[in-house]
Amino acid sequence: TRLVSGSGYTTAMIWDIDTTEMLFTLIGHEADVWTVVYSSDGTKIATGSTDCTVKLWNAMTGDILHSLDDHSAHVMHAAFSPDGSLVASCADSNGIIWNSETGDKVSELQGHTGAIWCMRFSNAGDRIITGSEDHTGRVWDVQSGDELVTLREHTSPVWSVSFSPDDKEVASGSYDCTVVTCDSFSGDRHHVFLDQRNPSAIDTVSYSNKGEFLATGSAKGPVTLWNARSGDLMAE
């Protein structure tokens, strides 16, 4: 019933979906707000800014709960774990996992050699996958920050990543126009998806709820539907 938006004016705003009324403003950042996200239960909001901080807010009142200041670069992305207990943020090539209740740092994700462009928690919330300018996808343990799997499947930056609903597989989409699915534990490749008729950089990838299909969105505009099991192109 509510929408959060971030802006170049250092603020984020909360809106009523039905009336389009602006309800209140989140004030506290000192530079552009580049990423905003609600927790799954709607009680918290995380914002990331070019002031190198992440802030956690009470979504109902707009009060700041925690200001997370350990990044040394612009915060590009933030994401809550499925149960909302953790928040992940990334700035340049480093990621940090935080406890959303206390604001304490849980772990750091260090290993990429280029900017992290995307990340996604597993559905169980125990792992996270990141995609980077360094052409790799990496799967991490969220509690320890250990790198569990390195996926070297692309020849260009990785712009979108996703876990399958059962967390056994991961998909990564890249500027090289391909989507690759791999075993999320071993890193073994399952399929390479490439639209031969209309190749285009892949901006986003998502599994269907039961994991049978993959949908991909590309820089040229089409959304393409694939059979995730066979790798066959189904529709564009």
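Residues numbered from 1 in each chain as written. Predicted model: local features only at pLDDT ≥ 70, side-chain atom pairs only at ≥ 80, totals over all residues. Heavy atoms only, no water.

Draft legend 1. Inspection of the nonpolar core at higher detail. With twelve residues, the main nonpolar core is built from Ala79, Leu86, Ala88, Cys90, Ile97, Leu109, Ile116, Met119, Phe121, Ile128, Trp140 and Val142. Those elements that provide at least two residues to this core are strand S9 (86–91) and strand S12 (116–121). Not counting chain neighbours up to four residues away, the residues in contact with Ile128 comprise Ala88, Ile97, Leu109, Met119, Arg120, Phe121, Ser122, Arg138, Val139, Trp140, Val142 and Phe163. (Core = buried A, V, L, I, M, F, W, Y, C linked by side-chain atoms within 4.5 Å. Buried < 20%, exposed > 50% of the residue type's maximum accessible area, 1.4 Å probe, protein only. Helix = DSSP H or I, 4+ residues; strand = E, 2+ residues; numbered from the N terminus. Contact = heavy atoms within 4.5 Å.)

Draft legend 2. Fine view of empty space enclosed by the protein. Under the criterion given, the structure shown has one cavity of 30 Å³ or more. Lining the largest cavity are 14 residues, with Asp195, Asn198, Ile202, Ser218 and Thr224 positioned closest to its centre. Contributions of two or more residues to the lining of the largest cavity are made by strand S21 (213–218) and strand S22 (223–227). Partitioned by chemical class, the residues of the lining of the largest cavity number seven nonpolar, five polar and two charged. (1 Å grid on protein atoms, 1.4 Å probe; cavity = no way out; pocket = protein on both sides within 12 Å on 5 of 7 lines; lining within 4 Å. Points joined across faces, edges and corners; volume = space filled by probe spheres on them. Nonpolar A, V, L, I, M, F, W, Y, C, P; charged D, E, K, R; others polar.)

Draft legend 3. View of the pattern of salt bridges. According to the stated counting rule, one finds seven salt bridges in the structure shown. Among the ionic pairs, Glu108 bridges to Lys105, the shortest N-O distance being 2.9 Å. The partly exposed category is assigned to Glu108, whose relative accessible area is 32%. Take Lys105: its relative accessible area is 35%, and that puts it in the partly exposed class. Linked by salt bridges that have partners in common, Asp70, Lys105 and Glu108 make up one network. (Salt bridge = Lys/Arg side-chain N within 4 Å of Asp/Glu carboxyl O.)

Draft legend 4. Here's a closer look at the sheet that holds strand S5 (residues 44–49). Judged by pairing direction, the sheet is antiparallel, and its four strands sit side by side in the order S4-S5-S6-S7 without closing on themselves. On the outer flanks of this sheet lie strand S4 (33–38) and strand S7 (64–68), each paired with one strand and no other. In this sheet, neighbouring strand axes are inclined to one another by 15 degrees on average, regardless of whether the strands run parallel or antiparallel. Direction of pairing for S5 relative to strand S6 (residues 54–58): antiparallel, over a ladder of five bridges. In the sheet register, Gly48 faces S6, and the bridge partner there is Val54. (Pairing = 2+ DSSP bridges. Axes fitted to C-alpha atoms, helices over the stretch in contact; angles between N-to-C directions.)

Draft legend 5. Just the pairing of S5, in detail. Most of S5 is tucked away: six of the six residues are buried. Side-chain alternation along S5 places Lys44, Ala46 and Gly48 on one buried face and Ile45, Thr47 and Ser49 on a second face that is also buried. Pairing geometry for S4 and S5, over five bridges, is antiparallel. Each bridged residue has a counterpart across the sheet, and for Val36 the counterpart in S5 is Thr47. Hairpin connection, S4 to S5: the antiparallel pair is bridged by five residues, and Gly42 has positive phi, about 75 degrees. Hairpin remark: S5 followed by S6, antiparallel, with four residues in the connecting loop; positive phi at Cys52, about 75 degrees.

Draft legend 6. Structural detail: the layout of surface pockets. Estimates place the volume of the largest pocket at around 480 Å³. Lining the largest pocket are 28 residues; nearest its centre among them are Ala79, Met119, Arg120, Phe121 and Val161. Mapped by element, the contributors of at least two residues to the lining of the largest pocket are S4, strand S8 (75–80), S12, strand S16 (158–163) and strand S20 (202–207).

Draft legend 7. Spatial organisation of the side chain of Ser200. Assignment of secondary structure puts Ser200 in the loop between strand S19 (189–193) and S20. Side-chain polar atoms of Ser200 contact the backbone nitrogen of Ala219, separated by 3.2 Å. Beyond its immediate stretch of four places on either side in the chain, Ser200 contacts Cys177, Ser218, Ala219 and Lys220. (Polar contact = N/O pair within 3.5 Å; in protein donor to acceptor, adjacent residues only side chain to side chain.)

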